Amino acid sequence: MIPAAFDYYRPKDVEGVIALLQEHGDDARVLAGGHSLIPMMKLRMAEVPHLIDLQDIAALKGITIDQDTITIGAMVSQHELINHDGLSAAAPILREAALQIADPQVRYMGTVGGNIANGDPGNDMPGLMQCLDAQINLLGPDGSRTVAARDYYEAAYMTDREDDEILISVVFTAPVGGFAYEKQKRKIGDYATAAAAVQIAKVDGKVASASIAMTNLSDVPVWSQGAADELAGSVCETATLKAAVAAMLGDIDPTEDNRGPVAFKRHVAGIILTRAITRAWDRA
Amino acid sequence: MSDKMHIKLNVNGEDHEFLAEPRDLLIYTLREKLNITGPHVGCDTSHCGACTVTLNGKSVKSCTMFVAQANGAEITTIEGIGQPDALHVLQESFREHHGLQCGFCTPGMITRATKLLEEIPNPTEKEVRFGMAGNICRCTGYQNIVKSILAAASELNAAQEAAE
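Residues numbered from 1 in each chain as written. Chains lettered and ligands numbered in written order. Predicted model: local features only at pLDDT ≥ 70, side-chain atom pairs only at ≥ 80, totals over all residues. Heavy atoms only, no water.

### Comments concerning the overall build of chain A
Phase 1 of the analysis: The helix and strand inventory of chain A stands at 12 helices and 14 strands.
Phase 2 of the analysis: Expected size for 284 residues packed as a compact globule is a radius of gyration near 19 Å; at 19 Å, chain A falls within 12% of this value.
Phase 3 of the analysis: For chain A, buried positions account for 55% of its 284 residues.
Phase 4 of the analysis: Contacts in chain A between residues far apart in sequence, at least 24 positions, make up 61% of those at least 6 positions apart. (Helix = DSSP H or I, 4+ residues; strand = E, 2+ residues; numbered from the N terminus. Rg over C-alpha atoms; globule rule 2.2 N^0.38 Å. Buried < 20%, exposed > 50% of the residue type's maximum accessible area, 1.4 Å probe, protein only. Contact = heavy atoms within 4.5 Å.)

Below you can see the structure in the form of structure tokens.
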């Protein structure tokens, strides 16, 4: 499969990227790991006359942990994320989730920023970022701005990012308590049939606070305040889990596709969330 | 059509310089321009791993990388891992343990496995299966591939210990 021809750019800094995006508008796209964009270009479902490769931009790389504030550069690969000891200690849910993305070769190339920015409902990082209440740093011609991950997603492949902006990094506070990223997929490497990101903080033997986000069960990730509220103050007993699942099912809106009909997806979502809460609570 | 780019690649220790369209995929450049036909085109959709090469120390599916992205890179293909008269331990192990049948996936399997054993020199069976998840084989059912890699790991570790 041969994609349509394009001009290729490999700028050294973000200003160079913004200038190219301003010059070429809709005809330009940035390339991170390429494992979503290149297949679409090969199928000619995406035509990109001006392709801007971000691989040489140092400002988009690196993971920093400053006290309890964690910053992950857009071009950090899933492989780097998985193998970063400090991050695995400070926010272990990220490693648990990233290990469930695609396969080793794809994880060497696939980036955190690409996974977040693409807006594919099947991507795992968007829901995870909503669970962690991450802030997304964008840069455009008018400077930088920050958007909460929970406000970032508008529809499938539609986000708050403007065409002449790029995603620079994500920032979040190191989570406390127990965690779990639970994902049901048809085979290893697949996108989720249903996935759940759960963080639970425990105080005096009870749930002090919880955060729950679901993946691939709507055209955007679903952060379920209702499900988290059900857990608050509980000891995650069976009745509470059922109430949390019921609340979550009220928030998701799956559609039928090759991963199954709606009823099946709702069934799987309930099981996955129950498992995720149980595991997060055990670790809390 | 876009302009051709001046591309430099180091493949298996040898420098190559040529003109190519940015849209040329790395796998086709290796196979058709440089005549390095060890990496195979299986699915052409980044699922099967038959096109796996090592690029700047990463296992990469070369069907999902433009040659422009690879410009300046150091690449190792199966041809750089062993030769017919001097097989790599992994190649010898695949032969010994019947880790292949038709052989189509084997260059990708072995190229990926070299990197896996670099990162995890003494893997468990589970780690081998997880680390090889990006490579598909339609003949063997994977049992003998896993066996081959575990045996090669033991042999490499024994050689390492003997050397120390």
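The rest of the description comes next.
### Let's talk about the nonpolar core
As a rule of thumb, soluble globular proteins bury nonpolar side chains together.
Phase 1 of the analysis: If you look at the biggest cluster of nonpolar residues, it comprises 43 residues, and the most contacted ones within it are I72, L94, I116, M125 and L128 of chain A.
Phase 2 of the analysis: The two domains that each donate at least three residues to this core are domain 2 (60-173) and domain 3 (178-283) of chain A.
Phase 3 of the analysis: If near-sequence neighbours (up to four positions away) are discounted, M125 of chain A is found in contact with Q78, L81, L94, A98, I101, N115 and I116 of chain A.
Phase 4 of the analysis: In terms of nonpolar packing, the next biggest core, distinct from the first, is built from 34 residues, Y8 and I38 of chain A together with L34 and C51 of chain B among them. (Core = buried A, V, L, I, M, F, W, Y, C linked by side-chain atoms within 4.5 Å. Domains from an automatic or database assignment.)

### A few points about the side chain of D103 of chain A
Phase 1 of the analysis: Note that D103 of chain A resides in the loop between α5 (92-98) and α6 (104-109).
Phase 2 of the analysis: Overall, D103 of chain A belongs to the buried group, its relative accessible area being 8%.
Phase 3 of the analysis: Residues contacting D103 of chain A, with those up to four places away along its chain left out, are S46, K61, A133 and G134 of chain B.

### Structural notes on the environment of A162 of chain B
Phase 1 of the analysis: Tracing the backbone shows A162 of chain B in helix α6 (residues 143-163).
Phase 2 of the analysis: Spatially, the C-alpha atom of A162 of chain B lies 18 Å from that of L117 of chain B, the residues being 45 residues apart in sequence.

### Some points on the sheet that holds strand β10 (residues 166-173) of chain A
Residue and element names in this part refer to chain A.
Phase 1 of the analysis: If you walk across this open sheet you meet the 5 strands as β4-β5-β10-β6-β7, and the pairing is antiparallel. Each edge of the sheet is formed by a strand with only one pairing partner; in this case those strands are β4 (63-66) and β7 (143-148). On average, adjacent strands in this sheet sit at an angle of 20 degrees to one another, irrespective of strand direction.
Phase 2 of the analysis: Where strand β6 (residues 135-140) and β7 come together, 6 bridges link them in antiparallel fashion. Note on β7: the bridge partner recorded for Q135 is A148. (Pairing = 2+ DSSP bridges. Axes fitted to C-alpha atoms, helices over the stretch in contact; angles between N-to-C directions.)

### What to know about unusual backbone geometry
Residues and elements named next belong to chain B.
Phase 1 of the analysis: At N12, a residue that is not glycine, the phi angle is positive and equals roughly 50 degrees.
Phase 2 of the analysis: By secondary structure assignment, the location of N12 is in the loop between β1 (5-11) and β2 (14-20).
Phase 3 of the analysis: At H98, a position not held by glycine, the phi torsion is positive, near 55 degrees.
Phase 4 of the analysis: Among the structural elements, H98 can be located in the loop between α3 (89-96) and α4 (106-119).

### As for the layout of surface pockets
Phase 1 of the analysis: Its boundaries defined by the atoms lining it, the second largest pocket holds a volume of some 510 Å³.
Phase 2 of the analysis: The wall of the second largest pocket is formed by 16 residues, among which R95, L99 and R107 of chain A together with I120 and F130 of chain B lie closest to the centre.
Phase 3 of the analysis: Examining the composition of the lining of the second largest pocket, we find that 4 residues originate from one element, helix α5 (residues 125-131) of chain B, more than from any other.
Phase 4 of the analysis: Looking at side-chain class alone, the lining of the second largest pocket contains 7 nonpolar, 3 polar and 6 charged residues. (1 Å grid on protein atoms, 1.4 Å probe; cavity = no way out; pocket = protein on both sides within 12 Å on 5 of 7 lines; lining within 4 Å. Points joined across faces, edges and corners; volume = space filled by probe spheres on them. Nonpolar A, V, L, I, M, F, W, Y, C, P; charged D, E, K, R; others polar.)

### So, the domain arrangement of chain B
Residue and element names in this part refer to chain B.
Phase 1 of the analysis: Its domain assignment divides chain B into domain 1 (5-80) and domain 2 (89-163).
Phase 2 of the analysis: Contact with domain 1, which involves 17 residues of that partner, is made by 12 residues of domain 2.
Phase 3 of the analysis: Both faces combined, the contact of domain 1 with domain 2 buries some 1100 Å², and carbon together with sulfur accounts for 57% of it.
Phase 4 of the analysis: The interface formed by domain 1 and domain 2 includes 0 salt bridges.
Phase 5 of the analysis: Where domain 1 meets domain 2, there are 6 residue pairs in polar contact (both at pLDDT 80 or more).
Phase 6 of the analysis: Per element, the largest residue contribution to the side of domain 1 that touches domain 2 is 3 residues, and it comes from strand β3 (residues 52-55). (Buried area = accessible area lost by both parts, 1.4 Å probe. Salt bridge = Lys/Arg side-chain N within 4 Å of Asp/Glu carboxyl O. Polar contact = N/O pair within 3.5 Å; in protein donor to acceptor, adjacent residues only side chain to side chain.)

### Brief notes about the sheet that holds strand β11 (residues 178-184) of chain A
Residue and element names in this part refer to chain A.
Phase 1 of the analysis: A sheet is described by the order of its strands in space; here 4 strands give the open sequence β11-β12-β13-β14, paired in antiparallel fashion. One side of each edge strand has no neighbouring strand; the edge strands of this open sheet are β11 and β14 (222-223).
Phase 2 of the analysis: Alignment of strand β12 (residues 194-203) against strand β13 (residues 206-215), held across 9 bridges, turns out to be antiparallel. Opposite K202, over in β13, you have V207 as the bridge partner.
Phase 3 of the analysis: Across the sheet, helix α12 (residues 262-283) is in contact with β11, β12 and β13; its angle to β11 comes to roughly 155 degrees.

### Notes on the pairing of strand β4 (residues 58-61) of chain B
Side-chain positions along a regular strand alternate between the two faces of the sheet.
Residues and elements named next belong to chain B.
Phase 1 of the analysis: Pairing between β3 and β4: 4 bridges, direction antiparallel. Across the sheet, the residue bridging to L55 is K58, located in β4.
Phase 2 of the analysis: Between the antiparallel neighbours β3 and β4 lie 2 residues, among them N56 with a positive phi of about 45 degrees.

### With respect to helix α1 (residues 14-24) of chain A
Turn by turn, an α-helix covers 3.6 residues, leaving residues three or four places apart pointing in a common direction.
Residues and elements named next belong to chain A.
Phase 1 of the analysis: Those residues of α1 not exposed but buried are V14, V17, I18, L20, L21 and H24. The arc that holds the buried residues of α1, viewed along the axis, is 160 degrees, so those residues lie on one side. Those residues of α1 that are exposed and angled more than 90 degrees off the buried face are E15, Q22 and E23.
Phase 2 of the analysis: Those residues of α1 hidden inside the fold are in contact with β1 (7-9), β2 (28-31), β3 (50-53), β6 and β10.
Phase 3 of the analysis: Looking at the residues trailing α1, positive phi occurs at G25, about 50 degrees. (Arc of directions from axis to C-beta.)

### Focus on the domain arrangement of chain A
Residue and element names in this part refer to chain A.
Phase 1 of the analysis: We note that the domain assignment places domain 1 (7-53), domain 2 (60-173) and domain 3 (178-283) within chain A.
Phase 2 of the analysis: Between the C-alpha centres of domain 1 and domain 2 the distance comes to 19 Å.
Phase 3 of the analysis: At the interface, 12 residues of domain 1 touch 14 residues of domain 2.
Phase 4 of the analysis: Taking both sides of the interface into account, the surface hidden between domain 1 and domain 2 amounts to around 1100 Å²; carbon and sulfur atoms contribute 72%.
Phase 5 of the analysis: When the buried area of domain 1 at its contact with domain 2 is split by residue, V14, I18 and H35 rank highest and sum to 39% of it.
Phase 6 of the analysis: Linking domain 1 to domain 2 there are 0 salt bridges.
Phase 7 of the analysis: Here domain 1 and domain 2 share 0 residue pairs in polar contact (both at pLDDT 80 or more) between them.
Phase 8 of the analysis: Those elements that place two or more of their residues in the side of domain 1 that touches domain 2 are α1 and β2.
Phase 9 of the analysis: If one sorts the elements of the side of domain 1 that touches domain 2 by residue count, α1 sits on top with 5 residues.

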